[in-house]
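So you can see what is in the structure, the chains are spelled out below.
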Amino acid sequence: MTDAVLEVDGISKRYGAVLALDDVSLTARAGELFGLGGHVGAGRTTAIRIGAGVLAADSGRVRWRSAPIDPGTRRRIGYLPAAGGLYPELSVLDQLVHRAELHGFETNEAHQHAELWLDRLNLRALRPRRTATLSTDERRMIALVATLLPGPELLLLDEPFAGVDKPEILIELLREQAEAGVPVLLSSNDLDHIERFCDRAAILRSGQIVADGTICELVSGGPRLLRVDAPDAEPGWGDGVPGCHTLSTDGSRALLELSADADDQAVLNAALAAGPVHEFTRVRSTLAELFGATR
């Protein structure tokens, strides 16, 4: 599936006076997990729904394998809404069979696939349970199984980790899909989850993308921070080094921020001039630290 690419090109969407998305562009490619991060109201759900073809953009376009999203394409997309899209009064088994039948499975085939998924995930005991009686973890897992069961060629998942205590099982399934060539685009307002689980990400703020790239690229764009433990140095010693500023201290340990042209070896030499240095560590900012305060 080398051509299995979702292209979102310059989409905008307005709800009355509110501009939910403003010229948003991104791509989701085969073999990777792409995370769409941002606070509540940033536009993540609107972007996912437009990508899935269940909501029309005011401008811009969405293309799957170089072609516009149409009714036939939508049948091949695994779309998981934030609410899960499950019927509360249906049993788990009936829920899965119904979803498979909507995608063209014969009833017997739908039953077989549903049973296989439940057995694989040790969820067979949930077969007769109504969705309304399930825990949050169980509902999210069943909703994901219902999304994966028809064998989608593209996955668009809105808040798949919401309310889930142990997302690692979900990620294992999604990573398996990505390795099979299925592009996976997921949204989350938890940037720690995106940093831990995704290969690339885009961060939305007020309907605009403020950062886009691999996780490594995004976190490396943060401030240059050093943690230095120099027990014999005077408080604020780092401020005497050009381009260095003390952010905080914890006993003899100082957290220092360096400007782009500051020399970290000059910092080390200044610390050594006062005595022994017990720690000299580059501190990497997290996605949550870099983008968590944006709204």
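Our subject is the structure listed above.
Residues numbered from 1 in each chain as written. Predicted model: local features only at pLDDT ≥ 70, side-chain atom pairs only at ≥ 80, totals over all residues. Heavy atoms only, no water.

**A closer look at the nonpolar core**
- Grouped together as the largest cluster of nonpolar side chains are 49 residues, with contacts concentrated most on Leu96, Ile142, Leu157, Leu174, Val184 and Leu287.
- Here this core gets seven residues from one element, more than from any other, and that element is helix 5 (residues 136–148).
- In this structure, Leu96 is in contact with Ala114, Leu118, Ile142, Val145, Ala146 and Leu149, ignoring residues within four places of it in sequence.
- Counting residues in each nonpolar core, the second largest holds 24 residues, with Leu21, Ala28, Trp64 and Leu204 among its members. (Core = buried A, V, L, I, M, F, W, Y, C linked by side-chain atoms within 4.5 Å. Buried < 20%, exposed > 50% of the residue type's maximum accessible area, 1.4 Å probe, protein only. Helix = DSSP H or I, 4+ residues; strand = E, 2+ residues; numbered from the N terminus. Contact = heavy atoms within 4.5 Å.)

**Comments concerning the packing of helix 3 (residues 92–102) against helix 5**
- Direction vectors running N to C along helix 3 and helix 5 enclose 25°, while the axes themselves pass 9 Å from each other. Considering their axes alone, helix 3 and helix 5 lie roughly parallel with respect to each other. The element helix 3 and its partner helix 5 pack so that their crossing is right-handed. The segment helix 3 lies against helix 5, with Val92, Leu96 and Arg99 engaging Ile142, Val145, Ala146 and Thr147.
- A class-by-class count of the residues in the contact of helix 3 with helix 5 yields five nonpolar, one polar and one charged. (Axes fitted to C-alpha atoms, helices over the stretch in contact; angles between N-to-C directions. Parallel < 35°, antiparallel > 145°, perpendicular 65-115°, else oblique. Left-handed = near helix turned anticlockwise from the far one by under 90°. Nonpolar A, V, L, I, M, F, W, Y, C, P; charged D, E, K, R; others polar.)

**Quick look at the pattern of salt bridges**
- Going through the model one piece at a time under the given rule, you end up with 17 salt bridges.
- With a shortest N-O distance of 2.6 Å, Arg44 and Glu159 are connected by a salt bridge. You can see Arg44 sitting in helix 1 (residues 44–52) and its partner Glu159 sitting in the loop between strand 7 (154–158) and helix 6 (168–179), a full 115 residues away along the chain. Assigned by exposure class, Arg44 and Glu159 land together as buried.
- The salt bridge partner of Arg253 is Glu279, with a shortest N-O separation of 3.0 Å. Here Glu279 lies in strand 14 (residues 279–283) and Arg253 lies in strand 13 (residues 253–258), a separation of 26 residues in the sequence.
- Counted as one network, the salt bridges with shared partners bring together Glu115, Asp119, Arg124 and Arg127. (Salt bridge = Lys/Arg side-chain N within 4 Å of Asp/Glu carboxyl O.)

Interpretation in functional terms is not warranted from these geometric data alone.
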